[in-house]
Amino acid sequence: MRTTKILPWTEDWEKSYRKEEEILKEVFKDELINIFHIGSTSIPTIGYAKPIIDILIVVKNIQKVDLFNDEMRALGYEPRGENGISGRRYFTKGKDNRTHHLHIFKVGSEKIKTHLDFKEYLIKNPSEAKKYGELKINLAKQFPYDHHKYQDGKQQFVNEIADKAKEWVSQRRFSY
């Protein structure tokens, strides 16, 4: 059974990302455009997060990602297709004790910008990041064995932050 575990932020998460980044660059080398550490483990000011490294990969052709499924399985990743988000390929690593989530999008996808803007907004707005970390702790205490309720509980906050991030980015582009 998967449990929702929240831990204090640690720079070990960045080290874990860097290690995995090198492995994934070798796998997707000719399809790869860029790779990013995203999610709560990439934001020190958040304070707390699930110890799961979220990685965003930008590729030339999303259809070709499916050709890497066997190689990804050999590395411990489980291919999950779009998993509810059109145009994405999603992989998890670690079964019930997840260590990594891999989100892959084709270059030009709006989802890439949304993820990166969300991260940048929280890094530049530490009070918002701290609120998000505290929400995660409270939800994990409330729903330690019900991951779906944990996810549902934070979704409204995530949506609000995504909207704020979008507005924040658009204001920054045009303010001189």
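Structure first, text after, so check above.
Starting afresh in each chain, residues are numbered from 1 along the sequence in its written order. Totals for whole chains, interfaces and linings use every residue, but because this is a predicted model, local features are given only for residues with pLDDT of at least 70 and side-chain atom pairs only at 80 or more, for both listing and counting. The side-chain quantities take in all heavy atoms of the structure and omit both hydrogens and water.

Caption draft 1: Representation of the nonpolar core within the structure. Definition of nonpolar core: a set of buried residues of the types Ala, Val, Leu, Ile, Met, Phe, Trp, Tyr and Cys, connected through side-chain atoms within 4.5 Å. Throughout this description, buried means an accessible area under 20% of the type-specific maximum (1.4 Å probe, protein chains only), exposed means over 50%, and partly exposed covers the range between. Within the largest apolar cluster, 20 residues are counted, with the highest numbers of intra-cluster contacts made by Leu-24, Phe-28, Ile-55, Ile-57, Met-72, Leu-102 and Ile-104. The way it works is that DSSP assigns letters per residue, a run of H or I at least four long becomes a helix, a run of E at least two long becomes a strand, and they are numbered from the N terminus. Listed by contribution, the elements that provide at least two residues to this core are α1 (12-28), β2 (32-38), β4 (53-59) and β7 (100-106). The dominant element in this core, judged by the number of residues it contributes, is α1, at five residues. Within the second largest apolar cluster, 13 residues are counted, among which are Phe-157, Val-158, Ile-161 and Val-169.

Caption draft 2: Geometry of the packing of aromatic side chains. Here a pair means two rings of Phe, Tyr or Trp (six-membered ring of Trp) with centres within 6.5 Å. Their orientation is stacked below 30 degrees between planes, edge-to-face above 60, and tilted elsewhere. The tally for this structure, following the rule as stated, stands at six aromatic pairs. The interplanar angle of 90° and the centroid separation of 6.4 Å between the aromatic rings of Trp-9 and Trp-13 together place this pair among those described as edge-to-face. Using a relative accessible area of 8% as the deciding quantity, one classes Trp-13 as buried. Relative to Phe-68, the ring of Phe-28 has its centre 4.8 Å away and its plane inclined at 55°; by these criteria the two rings are tilted. One end of the pair, Phe-28, is in helix α1; the other, Phe-68, is in the loop between β4 and α2 (69-74), with 40 residues separating them in the sequence. Here Phe-68 falls in the buried class, since its relative accessible area comes to 16%. Through a chain of ring-to-ring contacts, three or more aromatic side chains come together here, namely Phe-118, Tyr-132 and Phe-157. Each ring is checked for a lysine NZ or an arginine CZ that lies within 6 Å of its centre and within 35 degrees of its normal; such an atom marks a charge sitting over the ring. Across the ring face of Tyr-90, the terminal group of Arg-88 is positioned such that the distance to the ring centre comes to 4.3 Å. Directly above the ring of Trp-168 sits Arg-172, whose terminal nitrogen or CZ lies 4.3 Å from the centroid.

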